[in-house]
Amino acid sequence: MKALAANFGIDKTLKILGLKDVNEGTSTGLTSFFGNELLESYSPVDGQLIGKVTITNEEAYEKVMDAATQAFKTWRTVPAPQRGDIVRQFGDKLRQKKEALGKLVSYEMGKSYQEGLGEVQEMIDICDFAVGLSRQLHGLTMHSERPGHRMYEQYHPLGVVGIISAFNFPVAVWAWNTSLAWICGDVCVWKPSEKTPLCGVACQNIIAEVLSENNLPEGISNLINGDYTVGEFMTKDPRIPLISATGSTRMGKIVAQEVAARLGKSLLELGGNNAIIVTPDADIKMTVIGAVFGAVGTAGQRCTSTRRLIIHEDIYDKVKKAIVDAYKQLQIGNPLDENNHVGPLIDKDAVKMYQNALKQVVEEGGNILVEGGVLSGEDFESGCYVKPAIAEAKPDFKIVQHETFAPILYLLKYSGGVENAIDIQNSVVQGLSSAIMTNNLREAELFLSVQGSDCGIANVNIGTSGAEIGGAFGGEKETGGGRESGSDAWKVYMRRQTNTINYTTELPLAQGIKFDL
Ligand code: UN1
């Protein structure tokens, strides 16, 4: 397998992205080069050590924050459209390095190369979006109730934005946040997942080039590395008005409390337990494509992965057969090989959670339809490759209510009207993504109505994963309520100021109050 990774051009990829030799230790970009401890990054693809980065200690963190706060003073005065031009240049560099970065994502995280490229495409798309937005940071004007007065609102940058991201989207989620934050005039400090630190360094190297070519302070983009203890430097730091965190609900609850304790703002994108409702009016072929990609894409490690299929009893057997047949076609293996659909899980802990979930669904009375299992042998040396599994289950099983970050799909049966399926769909604590497969207008509209899905994302005739950057991304309930990426998500990265100007020689008070001196 070692040879396998070499065949796929990993060494060249690391070079293109400015990542140093494994044994040298990799500096964490521009501003976090202090500290003695190293964090090692192993590939789930072949178990090999890819590189090491310096773990940010407290002293290094202080240097990063100095650089960031200084840089903010410059960056906030650069006109927003010019900030947009920097983001445009960043997007151009990403276009040049798309293959290399996509490959690193695939090798360090384990998703298929195609999905790695897709992730970099999301970065490019959000850059384009942010460039346009840099000329549209609009506030409203209002009519004052007082004569000779003008009232309007404007948006100013917040300052230093802290970004904590997860392993499953090691580059795109940072870009959703940072490209918007940058055009808004904020500077960013990013802590990528400790499982994918090299993706962080690679991105930092790309933006560092752009900043230096434009003689801009390097502290506009900062990288820190380590586990949650390093994240805590940021969550507890009153100099950071906004923390955007993506990851588990467990992590999000801790972040939310720490940030709230100092009355900071947090933007949370946490767990999902996403379902597709399949009604008697569904197109079965489309259902199979949406459900299989949703369940096994990224080896079931997307927040938006499809975990539950809620199928009407009249078509249950037909859908079940079609899905089980489709699973027979799945190729599991090295994600850099484009013939494979499913790569490894991120690490052995994830494999254990997958095994426990499969054990639990049986204990709770579930019926395994497509057997899971851990693959072994020369091609699967990392020990992280598992078979996508399907189990028939009941909506209220504890394990079905729980988000397991693995390719396990639960089939649930409903009877009666679509409202019964909607009840099942909404019966979990998470509220990220949801979908309905139907050609029946009434069912579709009910699903999207106030009586319908309670999720941040609700789709008709497409699956739960693969959201476009143009919409606001995020979910309700234990998903955390945050919105990132498109629509008006930019407003979270700015502070709003209401201004009233009096251009008369009188000073009338609002609400007609008289206060004569
Ligand atoms: C995530 O899993 O945290 O909709 C993000 C999707 C991707 C983003 C997923 N655009 O699947």
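So, how was this worked out
- Residues numbered from 1 in each chain as written.
- Predicted model: local features only at pLDDT ≥ 70, side-chain atom pairs only at ≥ 80, totals over all residues.
- Heavy atoms only, no water.
- Helix = DSSP H or I, 4+ residues; strand = E, 2+ residues; numbered from the N terminus.
- Rg over C-alpha atoms; globule rule 2.2 N^0.38 Å.
- Buried < 20%, exposed > 50% of the residue type's maximum accessible area, 1.4 Å probe, protein only.
- Contact = heavy atoms within 4.5 Å.
- Areas by Shrake-Rupley, 256 points an atom, 1.4 Å probe, with all protein chains shown as cover.
- Lys, Arg positive; Asp, Glu negative; His and termini not counted.
- Charge placed at Lys NZ, Arg CZ, Asp CG, Glu CD.
- Pairing = 2+ DSSP bridges.
- Axes fitted to C-alpha atoms, helices over the stretch in contact; angles between N-to-C directions.
- Near = heavy atom within 4 Å.
- Polar contact = N/O pair within 3.5 Å; in protein donor to acceptor, adjacent residues only side chain to side chain.
- 1 Å grid on protein atoms, 1.4 Å probe; cavity = no way out; pocket = protein on both sides within 12 Å on 5 of 7 lines; lining within 4 Å.
- Sits in = over half its atoms within 2 Å of the grid points.
- Nonpolar A, V, L, I, M, F, W, Y, C, P; charged D, E, K, R; others polar.
- Domains from an automatic or database assignment.
- Points joined across faces, edges and corners; volume = space filled by probe spheres on them.
- Buried area = accessible area lost by both parts, 1.4 Å probe.
- Salt bridge = Lys/Arg side-chain N within 4 Å of Asp/Glu carboxyl O.
- Core = buried A, V, L, I, M, F, W, Y, C linked by side-chain atoms within 4.5 Å.
- pLDDT = per-residue confidence, 0-100.

*Asks:* It is not clear to me how the overall build of the protein chain should be interpreted in this structure. Could you clarify?
*Replies:* Of regular secondary structure, the protein chain possesses 16 helices and 21 strands. Compactness check: the protein chain gives a C-alpha radius of gyration of 24 Å against a globular reference of 24 Å for 517 residues, within 12% of the reference. Expressed along its principal axes, the backbone C-alpha trace of the protein chain runs to roughly 80 × 60 × 35 Å. Out of the 517 residues belonging to the protein chain, those deemed buried represent 56%. In the protein chain, once contacts between residues fewer than 6 apart in sequence are set aside, the share between residues at least 24 apart is 75%. As displayed, the protein chain offers around 21,700 Å² of accessible surface, 50% of which is attributable to carbon and sulfur atoms. Computed over 49 positive and 62 negative side-chain charges, the separation of the two mean positions in the protein chain equals 2 Å.

*Asks:* Can you walk me through the sheet that holds strand β12 (residues 367-370) in this structure?
*Replies:* Two pairing modes exist for strands in a sheet, parallel and antiparallel, and in both the strands are linked by backbone hydrogen bonds. The strand order β12-β13-β14-β11-β10-β16-β17 describes an open sheet built from seven strands, whose pairing is mixed. Each edge of the open sheet is held by one strand with a lone partner, namely β12 and β17 (457-460). Within this sheet the neighbouring strands show an average axis-to-axis angle of 25°, counted without direction. The strands touched by helix α11 (residues 284-296) are β10 (274-278), β11 (306-312), β14 (408-414) and β16 (433-437); relative to β11, the strand with the most contacts, the crossing angle is about 155°. Taken strand by strand, helix α13 (residues 348-363) contacts β12, β13 (389-392) and β14, and its axis lies near 25° from that of β14.

*Asks:* I'm lost on the site of the ligand in this one. Help?
*Replies:* The ligand sits among E122, N168, F169, W176, E269, R302, C303, T304, S465, G466, A467 and F473. Measuring from a nitrogen atom of the ligand, one finds a side-chain N or O atom of E122 at 2.6 Å. G466 is positioned with one of its backbone polar atoms (N or O) 2.9 Å from an oxygen atom of the ligand. Coverage of the ligand by the protein chains reaches 100% of its 310 Å² of free accessible surface. The cavity that encloses the ligand is the largest cavity. When grouped by side-chain class, the residues that make up the shell around the ligand number five nonpolar, four polar and three charged. In terms of domain composition, the shell around the ligand takes at least three residues from each of domain 1 (4-269 + 487-496) and domain 2 (274-470).

*Asks:* Just to check I follow, could you spell out the sheet that holds strand β3 (residues 141-142) for this structure?
*Replies:* Overall, antiparallel pairing links the three strands, which are arranged β3-β4-β21 in an open sheet. Since the sheet does not close on itself, it has two edges, and those belong to β3 and β21 (494-502), each with one partner. Relative to β21, strand β4 (residues 149-157) is paired through nine bridges, and the arrangement is antiparallel. Of the residues in β21, the one forming a bridge with Y152 is N499.

*Asks:* What is the right way to read empty space enclosed by the protein from this model?
*Replies:* In this approach a probe as big as a water molecule rolls over the atoms, and the regions it shows empty are the leftover space. A complete count under the given rule lists one cavity of 30 Å³ or more for this structure. Approximately 130 Å³ is the volume attributed to the largest cavity. Forming the walls of the largest cavity are 13 residues, and the residues nearest its centre are F169, W176, R302, T304 and F473. Of the residues in the lining of the largest cavity, the class split is six nonpolar, four polar and three charged. Both domain 1 (4-269 + 487-496) and domain 2 (274-470) contribute no fewer than three residues apiece to the lining of the largest cavity.

*Asks:* Looking at this structure, how should I read the domain arrangement of the protein chain?
*Replies:* It is common to give the size of an interface as the accessible area that goes away when the parts come together. Domain annotation of the protein chain identifies domain 1 (4-269 + 487-496) and domain 2 (274-470). When each unit is reduced to the centre of its C-alpha atoms, the spacing between domain 1 and domain 2 is 30 Å. With 30 residues of domain 1 at the interface, the matching set in domain 2 holds 24 residues. On the domain 1 side of the contact with domain 2, P44, V45 and E115 bury the most area, a combined 22% of that side's loss. Across the contact surface, domain 1 and domain 2 share two salt bridges. Our count for the contact surface shared by domain 1 and domain 2 stands at nine residue pairs in polar contact (both at pLDDT 80 or more). Of all elements in the fold, only α5 (98-109) and α6 (113-133) reach the threshold of two or more residues within the side of domain 1 that touches domain 2. In terms of residue count, the dominant contributor to the side of domain 1 that touches domain 2 is α6 (seven residues). Its residues assigned to classes, the side of domain 1 that touches domain 2 comprises 13 nonpolar, eight polar and nine charged.

*Asks:* In this structure, what is going on with the nonpolar core? I would like to understand it.
*Replies:* A general trend in soluble globular proteins is that nonpolar side chains are found buried together. Of all hydrophobic cores here, the largest spans 95 residues; its most connected members are F90, L101, M123, W174 and W182. Examining the composition of this core, we find that ten residues originate from one element, helix α7 (residues 172-184), more than from any other. Of the residues that make up this core, three or more belong to each of domain 1 (4-269 + 487-496) and domain 2 (274-470). Leaving out residues up to four positions away in the same chain, M123 has contacts with L94, L101, V171, A172, W174, A175 and C203. By size, the runner-up hydrophobic cluster in this structure holds 59 residues, among which are A275, I284, A391 and L412.

*Asks:* Quick question: what am I supposed to make of the confidence of the model for the protein chain here?
*Replies:* Mean pLDDT over the protein chain: 95, with 96% of residues reaching 70 or higher. Here residues 22-32 is modelled with pLDDT under 50, and outside its nearest four sequence neighbours on either side it reaches 37 contacts, counting other chains as well.

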